[in-house]
Amino acid sequence: MNPVLYDKKVTCPVCNLTFHTKKVRTSTIRIKKRDTDFCIYYEGENPLFYEVFACPNCGYAALEKVFDDITPSQKQLIQSKISKQWVQRDLGQARTVQEAIEVYKLALLCSEVLNQKKDRLGLICLRLAWWYRYLEDKENEKIFLKHAVNCFEDAFRFGAGTNGRLVDDIMLLYLLGELNRRLGRYEEAVAWFNRTISQPGIQTRKKIEEQAREQWRLAKEAYRKIKEDGGEEK
Ligand SMILES: [Zn+2]
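Every value quoted in this text rests on a predicted model; they were computed, and no experiment measured them.

**Some thoughts on the pairing of strand β3 (residues 30-34)**
Phase 1 of the analysis: Both β3 and strand β4 (residues 40-43) contribute to a ladder of 4 bridges, which runs antiparallel. When the sheet's bridge partners are listed, K33 is paired in β4 with Y41.
Phase 2 of the analysis: Two successive antiparallel strands, β3 and β4, enclose a turn made up of 5 residues, where F38 displays a positive phi of approximately 75°.

**Considering the coordination of the zinc ion**
Phase 1 of the analysis: Distances from the zinc ion to its protein donors, C12 (SG), C15 (SG), C55 (SG) and C58 (SG), fall within 2.3 Å.
Phase 2 of the analysis: Bound by 4 donor atoms, the zinc ion shows angles of 103 to 118° at the metal and therefore tetrahedral coordination geometry.
Phase 3 of the analysis: Each donor residue of the zinc ion belongs to the same chain, with the gaps between them written as C-x2-C-x39-C-x2-C. Of the two residues, C15 is situated in the loop between β1 (5-11) and β2 (18-24) and C55 in the loop between β5 (52-54) and β6 (61-63); the sequence distance between them amounts to 40 residues.

**Overview of helix α7 (residues 206-229)**
Phase 1 of the analysis: The terminal C-alpha atoms of α7 lie 35 Å apart, and with 24 residues this matches the ideal 34 Å at 1.5 Å per residue to within 8%.
Phase 2 of the analysis: Restricting attention to buried positions, one finds in α7 the residues I208, E209, A212, Q215, A219, A222, Y223 and I226.
Phase 3 of the analysis: For α7, the secondary structure elements touched by its buried residues are α5 (169-182) and α6 (186-197).

**As for the environment of Q74**
Phase 1 of the analysis: Along the chain, Q74 turns up in helix α1 (residues 72-81).
Phase 2 of the analysis: Look at Q74 and you get buried, because its relative accessible area is 17%.
Phase 3 of the analysis: Expressed as a C-alpha distance, the spacing of Q74 and L121, which sit 47 residues apart in the sequence, is 16 Å.
Phase 4 of the analysis: Here the side chain of Q74 touches L114 through a polar contact of 3.4 Å, landing on its backbone oxygen.

**Focus on the environment of W192**
Phase 1 of the analysis: Within the secondary structure, W192 sits in helix α6.
Phase 2 of the analysis: The exposure class of W192 is buried, given its relative accessible area of 5%.

**Focus on the pattern of salt bridges**
Phase 1 of the analysis: Tallied over the full model, the rule gives 18 salt bridges.
Phase 2 of the analysis: Here K22 makes a salt bridge to D7, at a shortest N to O gap of 3.2 Å. Here K22 is found in strand β2, whereas its partner D7 is found in strand β1, with 15 residues between them in sequence.
Phase 3 of the analysis: Members of the salt-bridge network, linked through shared partners, are D35, D37, R133, E141, E178, R181 and R182.

**So, the nonpolar core**
Phase 1 of the analysis: Formed by 50 residues in total, the largest nonpolar core has its most connected members in Y104, L126, L128, W131 and F152.
Phase 2 of the analysis: Elements with a contribution of two residues or more to this core: β4, β5, β6, α2 (97-113), α3 (118-134), α4 (138-158) and α5.
Phase 3 of the analysis: Looking at which element gives the most residues to this core, the answer is α3, with 10 residues.
Phase 4 of the analysis: Structurally, this core is a two-domain feature, drawing no fewer than three residues from each of domain 1 (5-167) and domain 2 (169-234).
Phase 5 of the analysis: Setting aside chain neighbours within four positions, we find L128 in contact with I101, Y104, K105, L108 and F144.
Phase 6 of the analysis: Ranked by size, the runner-up nonpolar core spans 15 residues in total, among them C55, C58, Y60 and I78.

**Focus: the packing of α5 against α7**
How two helices sit against one another is set out by the angle between their axes and by the gap between those axes.
Phase 1 of the analysis: Between α5 and α7, the least distance of the axes is 10 Å, while the angle of their chain directions is 25°. Between α5 and α7, the crossing angle belongs to the class labelled roughly parallel. For α5 against α7, the interelement crossing comes out left-handed. In contact with I170, M171, Y174, E178 and R181 of α5, α7 contributes I208, Q211, A212, Q215, L218 and A219.
Phase 2 of the analysis: A breakdown of the residues in the contact of α5 with α7 according to their chemical character gives 7 nonpolar, 2 polar and 2 charged.

Reading guide: rules and limits
- Residues numbered from 1 in each chain as written.
- Predicted model: local features only at pLDDT ≥ 70, side-chain atom pairs only at ≥ 80, totals over all residues.
- Heavy atoms only, no water.
- Pairing = 2+ DSSP bridges.
- Helix = DSSP H or I, 4+ residues; strand = E, 2+ residues; numbered from the N terminus.
- Donors = N, O, S within 2.8 Å, 3.2 Å for Na, K, Ca; no water.
- Tetrahedral: all angles 85-135°; square planar, octahedral: opposite > 155°, others 65-115°.
- Expected span 1.5 Å × (residues − 1).
- Buried < 20%, exposed > 50% of the residue type's maximum accessible area, 1.4 Å probe, protein only.
- Contact = heavy atoms within 4.5 Å.
- Polar contact = N/O pair within 3.5 Å; in protein donor to acceptor, adjacent residues only side chain to side chain.
- Salt bridge = Lys/Arg side-chain N within 4 Å of Asp/Glu carboxyl O.
- Core = buried A, V, L, I, M, F, W, Y, C linked by side-chain atoms within 4.5 Å.
- Domains from an automatic or database assignment.
- Axes fitted to C-alpha atoms, helices over the stretch in contact; angles between N-to-C directions.
- Parallel < 35°, antiparallel > 145°, perpendicular 65-115°, else oblique.
- Left-handed = near helix turned anticlockwise from the far one by under 90°.
- Nonpolar A, V, L, I, M, F, W, Y, C, P; charged D, E, K, R; others polar.

Here is the structure:
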């Protein structure tokens, strides 16, 4: 028995197959450090790699939290757009970062086919950016950070209420600030951090508030420097 990973039994809501997928034992999780966009580095196994469940039979994949959140008409969409081309295989074993990228991309594809809430797509894209960051693949990291920004912007602007959302408004606003900052779009970053700090309820989220103020300062400084150097923003 692997002391770190265990098998979780899951039933696919699309094809009804019961399969096993690995999860990390909570007691073994050790956090090494965290980036300012909440990318976490772990000692040993990364539990986030296992937060996507993927059915080996029909190819349906989704974040664990919303895996069962699928309507009958959406099931048909998965069957016609994913399952028909799916070559059966087991994605529920121990995952390397490459395999995590693969399974998250499958979840992203399913999420797009199902036209799911933008915050879900954004979260999957953000995590893909992190997996590329682990690999020091800056080009792909940037591609997925940009996708995440677009999805989070849509989620914030057009999201009808926070019902069923995986990311709440304060977190969305903070991430929009921080991801824009990481992409070198300092003026946008400052504007989103300003909105984060002035959001109702921010007083109850001290940690994010502090972090938003600190990152606002960094973005502001970087923006000023570009202006002084006469350079252009990216
Ligand atoms: Zn299935």
